[in-house]
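# Examination of the molecular architecture
Each chain is listed here by its residues.
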There are 2 protein chains.
Amino acid sequence: MSRLEKAIVSMVEVFEEYATKDKNRQLSGTELAELMKKELASPEFHGKVEPAVLQEAMTNLDKNHDGEINFREFSMFLATLARGYYRARNKGKGNKGKPDKPE
Amino acid sequence: MSRLEKAIVSMVEVFEEYATKDKNRQLSGTELAELMKKELASPEFHGKVEPAVLQEAMTNLDKNHDGEINFREFSMFLATLARGYYRARNKGKGNKGKPDKPE
């Protein structure tokens, strides 16, 4: 399996690992908190994602307001985090037509 | 770094690897085709994702219709693929209130 396929499989596996406590297999708020504490807290990663991005991702999480996070919501959450990480990596590289400095 | 953080980093790295040929660092149609051929073609993965899901993901790809795929569009594409993979894994496990059989 390629890196990208492994990445997709990991997204699914982590969700399932934390979401199995309920019979409907969704993430409760407590389960999400636990997941974030254990799976999204490395300084190498966390330090790259701006707090505002995390806030945006959290706000959008429970889109259907049922108090639980289903895999669709979780996948969008990860996509938002990935965009935050991408932006942080590319800061100053002149993306989006707003170059800070030439490479 | 956790599995999930590595997954997010891989998403960004793969995009950057294939998108570097243009000066605006987006994926052209040709680059996307190359990426899919090399990074999303393992039978273990590909066989799990239904063609309809891939079709849905592709249709939504170039949301802003500029002929290029930016990282935002790519992240949504991967989220769609992840949902397809999740659904395939959970088929028959009684998710979404439509159980095929008890576990």
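Residues numbered from 1 in each chain as written. Chains lettered and ligands numbered in written order. Predicted model: local features only at pLDDT ≥ 70, side-chain atom pairs only at ≥ 80, totals over all residues. Heavy atoms only, no water.

Glancing now at the relation of the copies chain B and chain A. Here chain B sits on chain A after a turn of 180° about the axis and a move of 0.0 Å along it, with an RMSD of 0.0 Å. Both chain copies can therefore be described as sitting about a two-fold axis. Of every C-alpha in chain B, the one belonging to B:Ala7 sits nearest the axis of rotation, 2.0 Å from it. (Least-squares fit on C-alpha atoms with pLDDT ≥ 70 in both.)

The next point concerns the interface of chain B and chain A. Interface size, as often reported, equals the accessible area lost upon joining of the parts. In this assembly, 43 residues from chain B lie in contact with 43 residues from chain A. On the chain B side of the contact with chain A, B:Arg3, B:Leu4 and B:Arg25 bury the most area, a combined 18% of that side's loss. Inspection of the region where chain B meets chain A yields six salt bridges. Listed by contribution, the elements that provide at least two residues to the side of chain B that touches chain A are helix H1 (3-19), helix H2 (29-39), helix H3 (43-46) and helix H5 (71-90) of chain B. When grouped by side-chain class, the residues that make up the side of chain B that touches chain A number 22 nonpolar, seven polar and 14 charged. (Contact = heavy atoms within 4.5 Å. Buried area = accessible area lost by both parts, 1.4 Å probe. Salt bridge = Lys/Arg side-chain N within 4 Å of Asp/Glu carboxyl O. Helix = DSSP H or I, 4+ residues; strand = E, 2+ residues; numbered from the N terminus. Nonpolar A, V, L, I, M, F, W, Y, C, P; charged D, E, K, R; others polar.)

It is worth spelling out the packing of helix H5 (residues 71-90) of chain A against H5(B) at this point. It is the contact of H5(A) with H5(B), at a shortest axis distance of 9 Å, that shows an interaxial angle of 150°. Judged on the interaxial angle alone, H5(B) and H5(A) are roughly antiparallel. At the point where H5(A) passes H5(B), the crossing takes the right-handed sense. Contacts between H5(A) and H5(B) involve A:Phe71, A:Arg72, A:Ser75, A:Met76, A:Ala79, A:Ala82, A:Arg83 and A:Tyr86 from the first element and B:Phe71, B:Arg72, B:Ser75, B:Met76, B:Ala79, B:Ala82, B:Arg83 and B:Tyr86 from the second. Partitioning the contact of H5(A) with H5(B) into residue classes produces 10 nonpolar, two polar and four charged. (Axes fitted to C-alpha atoms, helices over the stretch in contact; angles between N-to-C directions. Parallel < 35°, antiparallel > 145°, perpendicular 65-115°, else oblique. Left-handed = near helix turned anticlockwise from the far one by under 90°.)

Those places that UniProt annotates as "domain: EF-hand" (unreviewed entry) correspond, in this numbering, to residues 49-84 of chain A. Each end of residues 49-84 of chain A is marked by a C-alpha atom, and these two atoms are 6 Å apart; helix forms 64% of the span and strand 0%. (UniProt positions renumbered as here; feature names shortened; annotations may be inferred.)

Another point: the packing of helix H4 (residues 51-59) of chain A against H5(A). All names here are of chain A. Packing of H4 against H5 brings their axes to within 9 Å, and their N-to-C directions diverge by 165°. Relative to H5, the element H4 lies roughly antiparallel. Handedness of the crossing formed by H4 with H5: right-handed. When H4 is examined against H5, the residues Val53, Leu54, Glu56, Ala57 and Met58 are found in contact with a partner set consisting of Phe77, Thr80, Leu81, Gly84 and Arg87.

Now for the nonpolar core. Side chains of a nonpolar character, in soluble globular proteins, are inclined to be buried together. One finds A:Phe74, A:Phe77 and B:Phe74 to be the most contacted residues of the largest nonpolar core, which totals 56 residues. Mapped onto this core, the elements with two or more residues apiece are helix H1 (3-19), helix H2 (29-39), H4 and H5 of chain A together with H1, H2, helix H4 (51-59) and H5 of chain B. Not counting chain neighbours up to four residues away, the residues in contact with A:Phe77 comprise A:Leu32, A:Met36, A:Leu40, A:Ala57, A:Met58 and A:Leu61. (Core = buried A, V, L, I, M, F, W, Y, C linked by side-chain atoms within 4.5 Å. Buried < 20%, exposed > 50% of the residue type's maximum accessible area, 1.4 Å probe, protein only.)

With that settled, consider the environment of B:Met58. All names here are of chain B. With respect to the helices and strands, the residue Met58 is situated in helix H4. Considered as a pair, Met58 and Leu81 are 23 residues apart in the sequence and their alpha carbons are 9.7 Å apart. Beyond its immediate stretch of four places on either side in the chain, Met58 contacts Leu32, Met36 and Phe77.

For the structure on display, the rule yields 10 salt bridges over all chains. Of the charged contacts, one joins B:Arg3 and A:Glu39 as a salt bridge, the two residues approaching to 3.0 Å between their closest N and O atoms. Of this pair, B:Arg3 sits in helix H1 while A:Glu39 sits in helix H2, which puts the two residues in different chains. For A:Glu39, a relative accessible area of 7% translates into the label buried. The shortest N-O distance in the salt bridge between B:Lys38 and B:Glu34 comes to 3.2 Å. Of this pair, B:Lys38 and B:Glu34 both sit in helix H2, four residues apart, roughly one helical turn. On the basis of relative accessibility, which here comes to 27%, the residue B:Glu34 falls in the partly exposed class. A single network of salt bridges, built from pairs that share partners, joins A:Arg3, B:Glu17 and B:Glu39.

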